[in-house]
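# Per-entry structural report
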Amino acid sequence: MARNQADFFDRLQSVTEAFLTRRNRIKRIKKEKQKAKHPVRDWIEAFVWAAGMVLLANQYLIQAYVIPSGSMIDTLLIGDRLFVNKLVYGPELLPGVAKMPSVFKPERNDIIIFENPSYISRGPVFDIAQRIIFMLTISLIDIDRDEHGQPRAHFLIKRGVGMSGDRFVMENGEMKILFAGNDRWTDERGYAAQRGWTHTITRLMEEDHYPDLVMAGKAAAWQDMGLPVPEYLRDANMLAASMRYPDFLAHEKARLETLRSAMPHNRRYATRLAKLSLGWYVPDGRIFPLGDNRDNSRDGRHFGAVRLSKVLGKGTFIFWPMQRIGTFH
């Protein structure tokens, strides 16, 4: 019995010694390899590893984004840098490739980032390279610029205002909503107040400017027809031209109404006018995005509702500048 125990402990000691010897040898080999590494190679490996971690985090978890325009004033200002939650709606497998599924969908009033429907791609290789560089530099470097050196708007950030089945119309720049299943139009500002939403719907146009803006639209129609503009329209046209942020849609509607009256046989004018008069409808599987700064935003009123599959994430937190650090709604 005693001899068997002695043999057991001898074998255990041998196995332990062999394991510790092997482990020490592996550590020594790794240490020698580390010493033999060239400092530049060591730095490159560290950079590649860090870059890989940044890319993974940006692609699947959270990504930095910079606000390029004033379309979301006062919620978001030009130059604000913020983090976008990409996990919540399902991240893309690769930049520009199919999205992963998610149990969560964009909801009304969410601030969403999505692919610009009006964006003209320079090709998949450039798009992927641009997004990788943009993510690696935490939104500091954007190689996708126009001929004037300004960033091209590949992605937009707006507020999700309309859901599937909703209809919208604009009256002097103010939005009215016909919710799916309802038979009465609802004023957007009143609805936001009822829900307790605190964001500001910013207007740059004064209510009493609309008569002149309508006259300016009519004057533009006379010019389009190659006719001299009547005197009673000239002053309004000059005033509207001096406005920094006119309501383009109201101007366009007045122009098309005049053209339609003058040329009722022209179906092109009738079709374009119908789109502005009847408003916008949100089909199933889409969301209608609008900027909080209604008179200075290119949004769903110009390109329509956006596919949910094109919504890449939800804005969550401003990290720069320092005086703006915090969440937003």
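A quick note: this is a predicted structure, and the numbers were derived from the prediction, not measured. (Residues numbered from 1 in each chain as written. Predicted model: local features only at pLDDT ≥ 70, side-chain atom pairs only at ≥ 80, totals over all residues. Heavy atoms only, no water.)

### Some details on the overall build of the chain
When helices and strands are tallied, the chain shows nine helices and 12 strands. Per-residue burial over the chain gives 38% buried out of 329 residues. Sequence separation of at least 24 residues holds for 64% of the intrachain contacts in the chain that already meet a minimum separation of 6. Here the chain has roughly 19,800 Å² of accessible surface; of this, 59% comes from carbon and sulfur atoms. (Helix = DSSP H or I, 4+ residues; strand = E, 2+ residues; numbered from the N terminus. Buried < 20%, exposed > 50% of the residue type's maximum accessible area, 1.4 Å probe, protein only. Contact = heavy atoms within 4.5 Å. Areas by Shrake-Rupley, 256 points an atom, 1.4 Å probe, with all protein chains shown as cover.)

### Things to note about the sheet that holds strand β6 (residues 174-178)
The sheet built from four strands is open, its strands ordered β7-β6-β5-β8 with antiparallel pairing. This sheet does not close on itself; its edge strands, each paired only once, are β7 (186-187) and β8 (280-281). Where strand β5 (residues 167-171) meets β8, two bridges bridge the pair, whose relative direction is antiparallel. Within β8, the position partnered with R167 by the bridge is Y281. (Pairing = 2+ DSSP bridges.)

### Examining the confidence of the model for the chain
Confidence in the prediction of the chain, expressed as mean pLDDT, is 85, and 87% of residues score 70 or more. Mean pLDDT values over the elements of the chain span from 64, in helix α1 (residues 2-36), up to 97, in strand β9 (residues 286-290). (pLDDT = per-residue confidence, 0-100.)

### Overview of the packing of helix α7 (residues 248-262) against helix α8 (residues 267-278)
At a minimum axis distance of 9 Å, the contact between α7 and α8 shows a crossing angle of 140°. Here α7 is positioned oblique relative to α8, judged by the angle of their axes. For the pair α7 and α8, the crossing hand works out as left-handed. Touching L249, E252, K253, R255, L256, E257, L259 and R260 of α7 are Y269, A270, R272, L273, L276 and S277, all from α8. Considering only residue class, the contact of α7 with α8 consists of seven nonpolar, one polar and six charged. (Axes fitted to C-alpha atoms, helices over the stretch in contact; angles between N-to-C directions. Parallel < 35°, antiparallel > 145°, perpendicular 65-115°, else oblique. Left-handed = near helix turned anticlockwise from the far one by under 90°. Nonpolar A, V, L, I, M, F, W, Y, C, P; charged D, E, K, R; others polar.)

### Re the layout of surface pockets
Of the volumes computed, that of the largest pocket is approximately 340 Å³. Taken together, 14 residues form the lining of the largest pocket, with R272, K275, L276, R301 and H302 sitting closest to its centre. Contributions of two or more residues to the lining of the largest pocket are made by α7, α8 and α9 (300-303). For the lining of the largest pocket, the residue count by class is six nonpolar, four polar and four charged. (1 Å grid on protein atoms, 1.4 Å probe; cavity = no way out; pocket = protein on both sides within 12 Å on 5 of 7 lines; lining within 4 Å. Points joined across faces, edges and corners; volume = space filled by probe spheres on them.)

### A closer look at the packing of aromatic side chains
Counting across every chain of the model gives six aromatic pairs. Ring centres of F179 and Y191 lie 4.7 Å apart, and the angle between their planes is 45°; on these two criteria the pair is classed as tilted. Here F179, found in the loop between β6 and β7, pairs with Y191, found in helix α4 (residues 188-195); they are 12 residues apart in sequence, far enough to count as distant. One exposure class covers both F179 and Y191, and it is buried. (Phe/Tyr/Trp six-rings, centres within 6.5 Å; stacked < 30°, edge-to-face > 60°.)

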